[in-house]
Amino acid sequence: MRDPHLLALTVNDSEYEVVVEPRRTLADVLRHDLLLTGTHVGCEHGVCGACTVLLDEAPVRACLVFAVQAEGSSVRTVESLADHGELSDLQQAFSDHHGLQCGFCTPGFLMLAEGVLAEQPDASREEIREGLSANLCRCTGYQTIVDAVHATACARRESAS
Amino acid sequence: MTTTDLPGIPPEVDPDQPEPDEPREHGGRPAGEPRFDGRRGRWVGASIPRHEDPRLLTGCGRFIDDIALSGMLHAGFVRATVAHAAITELDLAATREVHGVVAAYDAADLALGDIVAVLDRPAEEFTPTAMPILARGKVRFVGEPLALVVARDPYAVEDGIEAARVSYDALDAVVSEETALAPGAPAVHDEAPDNVLLDVSMFDTPGVDEAFADAALTVDVTTRSGRQNALPLETRGVVASWDARDDQLLVQTCSQVPHQVRTMLARSLGIAERTVRVTVPDMGGGFGQKCVVGREEIAVAAAAQRLDRPVKWIEDRREALTAGFLAREQRYRTRAAFDADGRITALDVDVVCDMGAYSCYPFTAGIEPLMASAEMPSVYRVPAYRVRGRAITSNKAPTAPYRGVSRPQYVMAIERVMERAARELGLDPVEVRRRNVITEFPYTGVNGVTYDPGTYLESLDLAEATIRDEGWYEAREAGDRHLGIGFCCFSERTGYGSEAFAKRKMTVVPGFDLSEIRMDTTGSVVVTSGTMNHGQSHETTFAQIVADRLGLDVARVKLRQGDTERIAYGWGTFASRSVTIGGSAVALASERLGELLCRIAAHLLETRPDNVALDGDGGVVQLDDPARRLPFEDIADVAHLRSHLLPKDVEPALTATASFDVPGDGTFSNASHAVVVEVDPGTGEIRILRYVCVEDCGVVINPKVVDGQCRGGIAQGIAGALFEEVTYDGHGEPSAASFIDYLVPTATEIPDVSIQHLETPCAFTANGAKGAGEGGTIGAPAAVLNAVNDALRHTGVELDTTPIHPSTVLAALEGEL
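Thresholds applied
- Residues numbered from 1 in each chain as written.
- Chains lettered and ligands numbered in written order.
- Predicted model: local features only at pLDDT ≥ 70, side-chain atom pairs only at ≥ 80, totals over all residues.
- Heavy atoms only, no water.
- Domains from an automatic or database assignment.
- Contact = heavy atoms within 4.5 Å.
- Buried area = accessible area lost by both parts, 1.4 Å probe.
- Salt bridge = Lys/Arg side-chain N within 4 Å of Asp/Glu carboxyl O.
- Polar contact = N/O pair within 3.5 Å; in protein donor to acceptor, adjacent residues only side chain to side chain.
- Phe/Tyr/Trp six-rings, centres within 6.5 Å; stacked < 30°, edge-to-face > 60°.
- Helix = DSSP H or I, 4+ residues; strand = E, 2+ residues; numbered from the N terminus.
- Buried < 20%, exposed > 50% of the residue type's maximum accessible area, 1.4 Å probe, protein only.
- Pairing = 2+ DSSP bridges.
- Axes fitted to C-alpha atoms, helices over the stretch in contact; angles between N-to-C directions.
- Parallel < 35°, antiparallel > 145°, perpendicular 65-115°, else oblique.
- Left-handed = near helix turned anticlockwise from the far one by under 90°.
- Nonpolar A, V, L, I, M, F, W, Y, C, P; charged D, E, K, R; others polar.

- The name that an unreviewed UniProt entry assigns to chain B is Xanthine dehydrogenase family protein molybdopterin-binding subunit, with the source organism given as Actinomycetospora chibensis.

- An unreviewed UniProt entry lists chain A under the name (2Fe-2S)-binding protein, with Actinomycetospora chibensis as the source organism.

1. Quick look at the domain arrangement of chain B
Residues and elements named next belong to chain B.
Right, so step 1: Once the domains are mapped, chain B shows domain 1 (18-41 + 326-499 + 663-813), domain 2 (73-189), domain 3 (231-323) and domain 4 (512-660).
Right, so step 2: Using C-alpha coordinates to define each centre, domain 1 is positioned 38 Å away from domain 4.
Right, so step 3: Contacts between the two partners involve 23 residues from domain 1, matched on the other side by 22 residues from domain 4.
Right, so step 4: Summing both partners gives a buried area of about 1,700 Å² for domain 1 against domain 4, and 59% of it is carried by carbon and sulfur.
Right, so step 5: Across the contact surface, domain 1 and domain 4 share zero salt bridges.
Right, so step 6: If you look at where domain 1 meets domain 4, you find nine residue pairs in polar contact (both at pLDDT 80 or more).

2. Digging into the packing of aromatic side chains
Residues and elements named next belong to chain B.
Right, so step 1: Enumeration according to the criterion identifies 13 aromatic pairs over all chains in this entry.
Right, so step 2: Both rings, one in Phe141 and one in Tyr358, keep their centres 6.3 Å apart while their planes meet at 75 degrees; by these two values the pair is edge-to-face. Remark: Tyr358 occurs in the loop between strand 18 (344-354) and helix 10 (367-375) and Phe141 occurs in the loop between strand 6 (138-139) and strand 7 (145-151); sequence separation between them is 217 residues.
Right, so step 3: The buried category is assigned to Phe141, whose relative accessible area is 2%.
Right, so step 4: Judged by relative accessible area, Tyr358 falls into the buried class, the value being 0%.

3. Comments concerning the sheet that holds strand 19 (residues 385-392) of chain B
Residue and element names in this part refer to chain B.
Right, so step 1: What the six strands build is an open sheet, ordered 9-19-18-17-10-33; its pairing is mixed. Strand pairing shows two members of the sheet lacking a second neighbour, strand 9 (196-204) and strand 33 (801-802), which therefore form its edges.
Right, so step 2: Where strand 17 (residues 330-338) meets strand 18, nine bridges bridge the pair, whose relative direction is antiparallel. When the sheet's bridge partners are listed, Ala337 is paired in strand 18 with Ala346.
Right, so step 3: Its contacts with the sheet place helix 11 (residues 407-425) against strand 10 (217-225), strand 17, strand 18 and strand 33, and it is angled at close to 145 degrees to strand 10.

4. Quick notes on the sheet that holds strand 14 (residues 276-279) of chain B
Residues and elements named next belong to chain B.
Right, so step 1: If you walk across this open sheet you meet the seven strands as 3-7-1-15-12-13-14, and the pairing is mixed. Of all the strands in the sheet, the pair left with one neighbour each is strand 3 (101-106) and strand 14. For this sheet the average axis-to-axis angle between neighbouring strands, irrespective of direction, equals 25 degrees.
Right, so step 2: Here two bridges tie strand 1 (residues 73-79) to strand 15 (residues 311-314), and the two strands are oriented parallel to one another. Bridged to Leu73 within strand 15 is Val311.
Right, so step 3: Sheet strands in contact with helix 8 (residues 295-307) are strand 1, strand 3, strand 7, strand 12 (237-243), strand 13 (248-253) and strand 15, and its direction is about 30 degrees off that of strand 12.

5. Structural notes on the packing of helix 2 (residues 89-96) of chain A against helix 3 (residues 106-119) of chain A
All names here are of chain A.
Right, so step 1: Their axes nearest at 11 Å, the elements helix 2 and helix 3 cross at an angle of 125 degrees. Overall, the two elements helix 2 and helix 3 adopt an arrangement that is oblique. Both helix 2 and helix 3 take part in a crossing whose hand is right-handed. On helix 3, the residues touching Leu90, Gln91 and Phe94 of helix 2 are Thr106, Phe109, Leu110, Ala113 and Glu114.
Right, so step 2: Classifying every residue of the contact of helix 2 with helix 3 gives five nonpolar, two polar and one charged.

As structure tokens, this is what we get:
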């Protein structure tokens with residue numbers, strides 16, 4: 001390894017220390033060092049969004065973040081959503097609305113959606129569509145993903161009021 | 001503006017509550033004995049939750065790059081940077097010195113057999129060409145693999161690739177139909193000096209010239225479609241390892257066709273096929289790009305064998321965009337003769353498909369022109385037909401069958417013909433289609449193909465009525481906006497059996513599929529299929545089929561696919577074949593298991609075999625005394641643990657196998673699409689305001705899944721119509737090597753799609769299904785193109801090329817075309 005760095009970061013509320021090259025991406029550290037393979041890599045140039053995770057609660061492309069840039073930060077990945085095997089409301093909505101087919105883009109869409117809903121809890125269906133246009137899906141045609149996120153937004157609003 | 005601003009959009013049809021039509025009477029059947037008996041059960045037809053979802057939603061899917069083996073190395077490829085050149089130097093010495101690099105191989109080092117796909121056609125029709133695993137002597141496209149670099153981690157692989165020294169003696173590149181077919185053009189392959197790999201005149205029926213001589217109207221349309229990437233979001237990849245105990249190469253790969261990978265891999269390595277095991281983990285889409293054998297899969301397997309270490313290769317996106325298998329670059333010149341009433345009297349077609357640098361295995365470079373030639377008359381009654389289909393080779397990445405294979409293109413060609421004829425004759429374009437569409441079934445066309453019953457006219461009428469009832473015609477006529485309405489009516493031969501493929505004169509003939517079902521001592525079943533799920537929901541839909549056949553709760557059925565050790569042979573998943581063929585095989589295997597269960601139960605109940613039946617609730621019941629019942633667990637217990645109680649002529653354990661092959665010409669799904677677009681007079685931007693799909697895929701196993709296939713297919717069709725194109729410069733350098741230039745539509749470009757189901761059960765698949773995987777992709781380009789032309793009707797411009805660029809629309813609006 002060239003120029004190794006000792007890196008400390010928090011992922012899904014667990015603290016980790018890993019030794020990385022400075023060029024190693026956050027996506028590779030999550031997937032191959034921490035074995036959190038739920039985060040997928042689809043383009044490695046920040047367009048497809050399959051690798052979307054929450055970095056200090058904001059959605060980022062884990063393929064465009066060097067792991068050393070996440071030093072001291074808190075990362076949330078798809079593995080954090082379900083509670084002991086019980087799907088979260090958003091995950092359940094994806095299943096109910098058939099918002100996934102091959103499932104490769106799904107973790108990225110789930111994390112993107114969590115970011116969008118956190119930022120815009122009152123988002124309309126069209127605003128949700130706009131927010132979700134950050135990521136690519138090749139299977140669904142997006143409609144059912146928008147439906148799933150919109151249904152989750154409505155349900156969360158209802159339970160909040 | 002959103003769609004909700006516009007008139008009369010009704011609520012979506014609830015996909016969860018379909019009311020399937022009663023099975024219809026059939027006028028006849030194209031071939032074979034009727035299989036589907038019209039029976040429906042508890043599970044088929046219900047939108048049950050997908051079995052695949054929980055693991056995929058929680059990050060617990062296992063995709064190819066999720067696999068990590070002890071001691072695993074990583075691989076990457078030194079790839080050609082010029083399109084057409086002799087290799088004058090390939091020096092890997094510096095690569096081998098790079099920190100972390102373990103090995104580097106060129107073609108001579110690995111000495112692997114070439115991939116050669118052959119058709120059983122004479123030399124004047126087909127020229128076989130070889131695809132070396134690593135380039136030898138010459139490169140034929142930018143991205144072609146020259147050498148394999150193996151290192152301890154993927155970053156070191158990149159360092160090693162960068163250190164490789166390659167020199168070329170550049171040749172002129174062949175980058176278009178014009179440059180390929182020009183006299184004296186450089187030859188991509190010495191074996192094909194004219195750059196033509198296939199030239200077949202499949203039909204020239206009597207009366208073509210006479211029909212044109214007598215025609216009231218002749219329409220002559222040249223349509224073109226851009227080169228497209230099927231673009232599974234998960235790129236290709238493979239993990240290969242040698243297992244000394246099993247005396248086998250374990251090749252875990254991202255393939256729609258694991259058995260064909262095994263067959264080709266064994267041949268290329270020159271080893272017995274039993275020494276190769278191919279397995280497929282979860283797969284992030286394929287759409288055809290993964291239904292051919294990749295040279296990278298073979299090279300990586302060879303490296304693992306040599307190094308006796310696991311080796312992983314994961315294609316990066318740049319490789320996927322430049323060196324992945326592509327499709328769809330086709331040009332049609334379609335001449336059609338019509339009588340004065342708008343009835344087509346003859347069709348004369350010349351189609352040229354740019355198949356790129358190599359012929360894919362097992363389908364060959366003939367796949368696109370042969371599909372187009374066989375199916376071009378589409379849903380119409382065409383009395384006389386002539387067609388010439390050619391596959392040309394060029395210095396571009398090679399091609400594979402992409403979702404729909406030529407149907408999006410020939411449907412676009414003939415649908416443009418219908419629109420032109422309507423315009424020339426002053427008729428409504430839907431009316432012209434009505435006058436020509438096949439309405440009586442079975443119908444044997446001029447192409448010798450017998451079409452099984454479908455709802456061609458009904459789907460067209462329903463699509464048009466939907467658009468009309470919503471007020472779109474009035475909105476268009478109001479004239480204050482550039483609105484256009486477009487239609488497409490088409491069918492798709494889905495269940496291509498071996499008989500139908502053999503007519504293509506393939507030497508490797510896909511068709512059948514196999515299934516084995518086993519019940520364990522707890523009464524649960526595992527069923528295998530030679531098909532290969534990669535998003536189509538087979539784990540759910542196949543379980544629904546099995547559950548109904550056995551009267552077993554669907555949760556007790558588990559599907560296994562993607563393992564050449566578990567399934568004797570299979571043809572994988574492509575061509576909307578899985579539910580029709582694979583789903584029929586699992587249905588038949590389930591029936592046989594049910595018969596076995598009944599036979600054992602009758603013996604145990606001490607009654608006649610015809611006095612018992614499956615009870616639909618996980619057991620066998622005695623018909624004349626329903627109080628006497630044996631749950632499957634009890635029968636399974638005897639079959640495995642107390643086999644001395646079995647009837648003398650019944651073997652222990654509970655297994656059954658079946659094969660299925662669609663007879664004759666196969667079965668046809670059909671659909672009609674209706675699209676409303678608006679073009680922006682300021683920018684030329686095209687917006688889809690309304691998309692209606694009326695489809696008939698026979699018995700719908702799971703409505704939600706079928707809807708998903710339709711919507712996803714339509715999205716890919718819209719992508720081809722409006723956005724995506726793999727482009728090259730005049731030297732064959734790819735100019736869309738990232739997602740910055742290759743424009744994949746997002747949620748804001750793809751509209752909501754409303755779907756209505758008609759249901760004409762297929763008589764000769766075991767489950768009545770016809771297949772739904774490709775249809776959406778087929779109809780969308782024609783429907784969108786027709787709608788855009790309708791929006792431009794006042795300009796007199798006719799656009800016949802996809803993708804349609806806003807700049808073209810703008811030029812049309814401003815009178816510059």
